[in-house]
Amino acid sequence: MFNYYQPSKIHFGKGRLKELSNIASKYGKKCLLVTTENVAPLDKLYDRVKEILGNVAIEVIHFDKVLPNPTIEMVTEGFELAKSEKVDFVLSVGGGSSIDTAKIIALTNGLDKIDWDYLFSTYTNPFEDYDKLTDKNLPLIAVSTTSGTGSQVTQAAVITRGTEKNTIFHNDNFSNECIVDPELMITLPPRITASTGFDAFTHAFESFINPKASIMTEIQALKAIELVVKYLPKAMEDGANINYREQLAVADTFGGISLANAGAAAPHPLSEIIGGVTHIPHGEALAVVYPGFIKFFNDDYIEKFAIVARTFNVELESVSEKEAATALYDEITKFLSMVGLSKKLKDFNISDDQFEQIINNPILGVLPFGSKEKLQEIMRASY
């Protein structure tokens, strides 16, 4: 038995952004556009979005203050703007940080203020069917511009408070509709292509090994893994190739959906601890912890590690399941090297004090993915 939920209507394919006017018209005449700073090169895309909406007389209020690892202060500013302007819906154009910011603005609309303690302590379970936070929450449309976070099809929003990254889960965080247009991704530079592409891999991989995985999520996760392994190195070499971008966009979408329905494993909370302390980009923080995770958790997931290892290297079909599972460490490290993500924490010039904050983070003692000592070993191996 399993549950499976995906309420977002997905508009997938090359050139689908032009349909935004028809999609948005269903939700009102005034929107809050949530993006990163309105500067080159993305300013041209934001201008295009405004023109599309303007053609159907939709007024756009542009909140362009999103930064990586969105903070409670940043989200609160967007929340206040949406409230004062009385917008009808929220439209996010960007990667995970923009979409996550938009999710919380939409979720909390109608409140007098955001009670962050309540959000962080209450909405902690991705599989809980929580009651509505407010009857005035806003519709959300997400237009993704990267292939990795999968945020356009998940119920999760990752928000930073101080040195802690917290995930807020709520079914109202699912976008009402999303546009996944590979044309918007062809200008991504190689470093972001690599980090977001590996993020998509991790969503698929961790949902695949999670005990909550079902036949539905396993099919999607394995396809996503296959596509990232095949097409991420190619997109690194030829980012303008629309076919490569399309395949990674499929992987991103499948990875996000499978993650939303099966959940993550240890690397994601570990990477969020790292990101909260150091502000290393999420995909790169994941790449840092993955070799250690594969090494120290090999015996826990022999069957599924073997399946993934054979996706990397078909020659492993001829060896035993145990040997294939053990070989996944080498396959992962070779892949990370191939896409420029083979790094340790020390390569980011983190201080000894920052490493102490990471290794002694109290969250390590309460994560349901292994003992504190085992998780600390992963962190030490990542340093």
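Residues numbered from 1 in each chain as written. Predicted model: local features only at pLDDT ≥ 70, side-chain atom pairs only at ≥ 80, totals over all residues. Heavy atoms only, no water.

Draft legend 1. Spatial organisation of the side chain of Asp252. By the element assignment, Asp252 lies in helix H8 (residues 242–262). Buried and without a salt bridge, Asp252 has Lys103 as its closest oppositely charged side chain, separated by 10 Å. Within the local environment of Asp252, its side chain forms a polar contact with the backbone nitrogen of Gly150, the two atoms lying 2.7 Å apart. Excluding residues that lie within four positions of it along the chain, Asp252 makes contacts with Thr146, Ser147, Gly148, Thr149, Gly150, Gln152 and Ala200. (Helix = DSSP H or I, 4+ residues; strand = E, 2+ residues; numbered from the N terminus. Buried < 20%, exposed > 50% of the residue type's maximum accessible area, 1.4 Å probe, protein only. Lys, Arg positive; Asp, Glu negative; His and termini not counted. Salt bridge = Lys/Arg side-chain N within 4 Å of Asp/Glu carboxyl O. Polar contact = N/O pair within 3.5 Å; in protein donor to acceptor, adjacent residues only side chain to side chain. Contact = heavy atoms within 4.5 Å.)

Draft legend 2. View of the packing of aromatic side chains. Counting across every chain of the model gives 22 aromatic pairs. The interplanar angle of 25 degrees and the centroid separation of 5.5 Å between the aromatic rings of Tyr301 and Phe305 together place this pair among those described as stacked. You can call Phe305 buried: its relative accessible area is 0%. Taken together, the aromatic side chains of Phe198, Phe201, Phe205, Tyr290, Phe293, Phe297, Tyr301, Phe305, Phe312 and Phe335 make up a single cluster linked through ring pairs. The side chain of Lys304 reaches across the aromatic face of Phe208, ending 4.7 Å from its centre. Of note, Lys374 hangs over the ring of Phe297, and the distance from its end group to the ring centre comes to 4.2 Å. (Phe/Tyr/Trp six-rings, centres within 6.5 Å; stacked < 30°, edge-to-face > 60°. Lys NZ or Arg CZ within 6 Å of the ring centre and 35° of its normal.)

Draft legend 3. Quick peek at the nonpolar core. Among the nonpolar cores identified, the biggest contains 63 residues, and Phe198, Phe201, Phe205, Phe293, Phe305, Leu328 and Met379 are the most heavily contacted of them. Broken down by element, this core gets its largest block of residues, 9 residues, from helix H7 (residues 215–237). When near neighbours in sequence (up to four residues on either side) are disregarded, Leu328 contacts Phe205, Ile294, Phe305, Val308, Ala309 and Phe312. Counting residues in each nonpolar core, the second largest holds 29 residues, with Ile61, Phe120, Leu133 and Leu140 among its members. (Core = buried A, V, L, I, M, F, W, Y, C linked by side-chain atoms within 4.5 Å.)

Draft legend 4. Spotlight on a nonpolar patch on the surface. A contiguous nonpolar surface patch, about 400 Å² in accessible area, is contributed by Phe2, Ile215, Met216 and Ile219. Secondary-structure assignment places Met216 in helix H7. (Patch = residues over 30% accessible without salt bridge, like charges linked within 9 Å, V, L, I, M, F, W, Y side chains within 5 Å. Areas by Shrake-Rupley, 256 points an atom, 1.4 Å probe, with all protein chains shown as cover.)

Draft legend 5. The environment of Lys103, seen in detail. Position of Lys103 relative to the elements: it lies in helix H4 (residues 96–108). Separated by 48 residues in the primary sequence, Lys103 and Ser151 have C-alpha atoms spaced 9.3 Å apart. Once residues within four sequence positions are removed from consideration, Lys103 is found in contact with Leu140, Ser151, Thr154, Gln155, Ala156, Ala157 and Asn173.

Draft legend 6. Spatial organisation of unusual backbone geometry. Of the consecutive residues Ala40 and Pro41, the connecting peptide bond is found in the cis state with omega at 0 degrees. Considering the arrangement of structural elements, one finds Pro41 in the loop between strand E2 (30–36) and helix H2 (43–54). Of note, Lys86 is a non-glycine position whose phi angle comes to about 55 degrees, a positive value. In this structure, Lys86 sits in the loop between helix H3 (72–85) and strand E4 (89–94).

Draft legend 7. Focus on helix H14 (residues 372–382). Within the span of H14, buried status applies to Leu375, Gln376, Ile378, Met379 and Ser382. The buried residues of H14 occupy an angular sector of 150 degrees when projected down its axis, which confines them to one face. Along its buried surface, H14 packs onto helix H9 (267–278), helix H10 (282–296) and helix H13 (352–359). (Arc of directions from axis to C-beta.)

Draft legend 8. The packing of H7 against helix H11 (residues 302–312), seen in detail. Contact pair H7 / H11: the axes reach a minimum separation of 9 Å and the direction vectors enclose 35 degrees. Crossing geometry of H7 relative to H11 is assigned as right-handed. On H11, the residues that touch Glu218, Leu222, Ile225, Glu226 and Val229 of H7 are Lys304, Ile307, Val308, Thr311 and Phe312. Within the contact of H7 with H11, the residues separate by chemical class into 6 nonpolar, 1 polar and 3 charged. (Axes fitted to C-alpha atoms, helices over the stretch in contact; angles between N-to-C directions. Left-handed = near helix turned anticlockwise from the far one by under 90°. Nonpolar A, V, L, I, M, F, W, Y, C, P; charged D, E, K, R; others polar.)

The values reported here are purely geometric and, on their own, carry no functional implication.
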